[in-house]
Amino acid sequence: MQLELIETFLDLCDTKSFNRTADKLGLTQSTVSGRVRALETSLGRTLFTRSRAGTELTLEGLQFEPHARALRHSWNEAVHATRSAGTAAMRLRIGMQHDLTGSMIGGWVRDFRTALPDTAFYIEADYSPAMSSDILIGALDFAMVYTAKVHPDLYFETLGEIPYRMVSTVTDHMAGVRVEEYVLTNFSPAFAATHAGLHPEFSGAAVSSGQSTAVAGLMLSMGGSAYVIEEMAREMVAARQCRLVADAPVISQAVFAGVHLRNRHRAAHRRLLQYLRSHFGAPAARRRGG
């Protein structure tokens, strides 16, 4: 069975639209329809029904979906397993939320190597939705994310929280923070909701970003105030680039470890989870994706 047929089927499961799947995969709608017909012919079953209301899985399609996801994941695992990892016994591809890299990435990777000395690591910085998708298709083995995506094939554990502090180039008190000089931050939906509840007056800020490094650069170049991850806030204050807004509340962002459900009991993944739990100092709080 050709892998592109499986990929097209699974994308249709998510979009429920031949047009959207065609756009997403860079194909014509007729090509998408042809792939679905080829897969249905191979299986001898109808997988989708199409109507004015949209595209829906048939009973046979619903039964086939988990097997299709397992086929795609197994293929990606096989591809990565055959790639050279030098003298290492295995290679792990780890995704990290952008704000967890920065000056901290060296410490993370050093400790990962201590926990798994016979493993080669590929580290990639990204955002939570993209990393969740990459875990699903087997492009990542493990991820540290800010948003746990609800999905039956994903497994998340709450690791702990990362604090964010407000800093400013113009003031050290909330009374001096002005919306026209404010850089609005949106590190995750949960962070945005907390921020909106604490500071509704800043929701109309003209400039916003979802990465502390970008936020800091914008604030320093334009002047103003913003939330950044606490470690960066300390470094900027120590360098006298800005001041801590002392009476601004700290906003805590939850951090999750995410793996494919098939991998949650593998030894390497358990070792990483054990290390991360000890780093954050929190008991394991488990959450299956669906």
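Everything below is about the structure printed above this text.
Below you will find a few notes about this structure.

With that settled, consider the overall build of the protein chain. A count of helices and strands for the protein chain gives 10 helices and 12 strands. For the protein chain, the spread of C-alpha atoms along the principal axes amounts to about 70 × 50 × 30 Å. A total of 290 residues make up the protein chain; the buried ones form 45% of that total. Of the roughly 14,200 Å² of accessible surface on the protein chain, a fraction of 53% belongs to carbon and sulfur atoms. Of note, the protein chain has its 30 positive side-chain charges centred 6 Å away from the centre of its 28 negative side-chain charges.

Bringing unusual backbone geometry into the picture now. Phi is mostly negative for residues that are not glycine, and the peptide bonds are mostly trans. Phi at Lys16 takes a positive value of approximately 55 degrees, unusual for a residue other than glycine. Secondary-structure assignment places Lys16 in the loop between α1 (3–15) and α2 (18–25). At Arg240, a position not held by glycine, the phi torsion is positive, near 60 degrees. Take Arg240: it is sitting in the loop between α9 (230–238) and β10 (243–244). Residue Arg240 is classed as exposed on the basis of its relative accessible area of 80%.

Here we come to the layout of surface pockets. Estimated volume of the largest pocket: approximately 300 Å³. Contributing to the lining of the largest pocket are 15 residues, with Asp11, Asp14, Lys24, Arg72 and Ser133 lying nearest its centre. Of all elements in the fold, only α1, α2, α4 (59–81) and α6 (128–137) reach the threshold of two or more residues within the lining of the largest pocket. In terms of residue count, α1 provides more of the lining of the largest pocket than any other element does, 5 residues in total. Across the lining of the largest pocket, the residue classes tally to 4 nonpolar, 3 polar and 8 charged.

Of all hydrophobic cores here, the largest spans 51 residues; its most connected members are Leu100, Trp108, Phe112, Phe142, Met144 and Met166. Contact partners of Met144, with chain neighbours within four places excluded, come to Gly95, Met96, Gln97, Leu100, Trp108, Phe112, Met131, Phe256, Leu276 and Phe280. If you look at the next biggest cluster of nonpolar residues, it comprises 16 residues, including Ile6, Leu39, Leu47 and Phe64.

With that out of the way, let us pick up the pattern of salt bridges. Scanning the model with the defined rule gives 12 salt bridges in all. For Arg69, the salt bridge goes to Asp153, with nearest N and O atoms at 3.9 Å. Here Arg69 is found in helix α4, whereas its partner Asp153 is found in the loop between β5 (142–145) and β6 (154–168), with 84 residues between them in sequence. Residues Arg69 and Asp153 agree in their burial class; the two are buried. Note that Glu230 and Arg165 form a salt bridge whose closest N and O atoms lie 3.5 Å from each other. Placement of Glu230 in helix α9 and of Arg165 in strand β6 is noted, with a sequence separation of 65 residues between them.

The subject of this paragraph is the packing of aromatic side chains. Under the defined criterion, the tally for this structure stands at 11 aromatic pairs. Pairing Phe9 with Phe48 gives two aromatic rings, centres 5.4 Å apart and planes at 55 degrees, and the pair type is tilted. Here Phe9 is found in helix α1, whereas its partner Phe48 is found in strand β1 (residues 48–51), with 39 residues between them in sequence. Across the pair, exposure class does not vary: Phe9 and Phe48 are buried alike. Taking the centre distance of 6.5 Å and the plane angle of 85 degrees together, the rings of Tyr146 and Tyr164 count as edge-to-face.

Let's shift gears to the packing of α1 against helix α3 (residues 29–43). For the pair α1 and α3, interaxial distance at closest approach is 9 Å and the crossing angle is 110 degrees. The angle between α1 and α3 places the two elements in the roughly perpendicular class. Between α1 and α3, the contacting residues are Glu4, Leu5, Thr8, Phe9 and Leu12 on the first element and Val32, Arg35, Val36, Ala38 and Leu39 on the second. Taken together, the residues that form the contact of α1 with α3 break down as 7 nonpolar, 1 polar and 2 charged.

Glancing now at the pairing of strand β11 (residues 251–260). Among the 10 residues that make up β11, 8 are buried, leaving the element largely enclosed by the rest of the structure. The pairing of β6 with β11 spans 10 bridges and is antiparallel. Residue pairing in the sheet places Pro163 in a bridge with Ser252 of β11.

Attention now goes to the side chain of Gln253. Counting through the fold element by element, Gln253 comes out in strand β11. Overall, the relative accessible area of 1% leaves Gln253 in the buried class. Within polar-contact distance, the side chain of Gln253 engages the side chain of Ser188 at 2.6 Å. Residues within four places of Gln253 in sequence aside, it is in contact with Tyr146, Gly160, Glu161, Ile162, Tyr164, Ser188 and Phe191.

Here is what the cut-offs are and how they apply
Residues numbered from 1 in each chain as written. Predicted model: local features only at pLDDT ≥ 70, side-chain atom pairs only at ≥ 80, totals over all residues. Heavy atoms only, no water. Helix = DSSP H or I, 4+ residues; strand = E, 2+ residues; numbered from the N terminus. Buried < 20%, exposed > 50% of the residue type's maximum accessible area, 1.4 Å probe, protein only. Areas by Shrake-Rupley, 256 points an atom, 1.4 Å probe, with all protein chains shown as cover. Lys, Arg positive; Asp, Glu negative; His and termini not counted. Charge placed at Lys NZ, Arg CZ, Asp CG, Glu CD. 1 Å grid on protein atoms, 1.4 Å probe; cavity = no way out; pocket = protein on both sides within 12 Å on 5 of 7 lines; lining within 4 Å. Points joined across faces, edges and corners; volume = space filled by probe spheres on them. Nonpolar A, V, L, I, M, F, W, Y, C, P; charged D, E, K, R; others polar. Core = buried A, V, L, I, M, F, W, Y, C linked by side-chain atoms within 4.5 Å. Contact = heavy atoms within 4.5 Å. Salt bridge = Lys/Arg side-chain N within 4 Å of Asp/Glu carboxyl O. Phe/Tyr/Trp six-rings, centres within 6.5 Å; stacked < 30°, edge-to-face > 60°. Axes fitted to C-alpha atoms, helices over the stretch in contact; angles between N-to-C directions. Parallel < 35°, antiparallel > 145°, perpendicular 65-115°, else oblique. Pairing = 2+ DSSP bridges. Polar contact = N/O pair within 3.5 Å; in protein donor to acceptor, adjacent residues only side chain to side chain.

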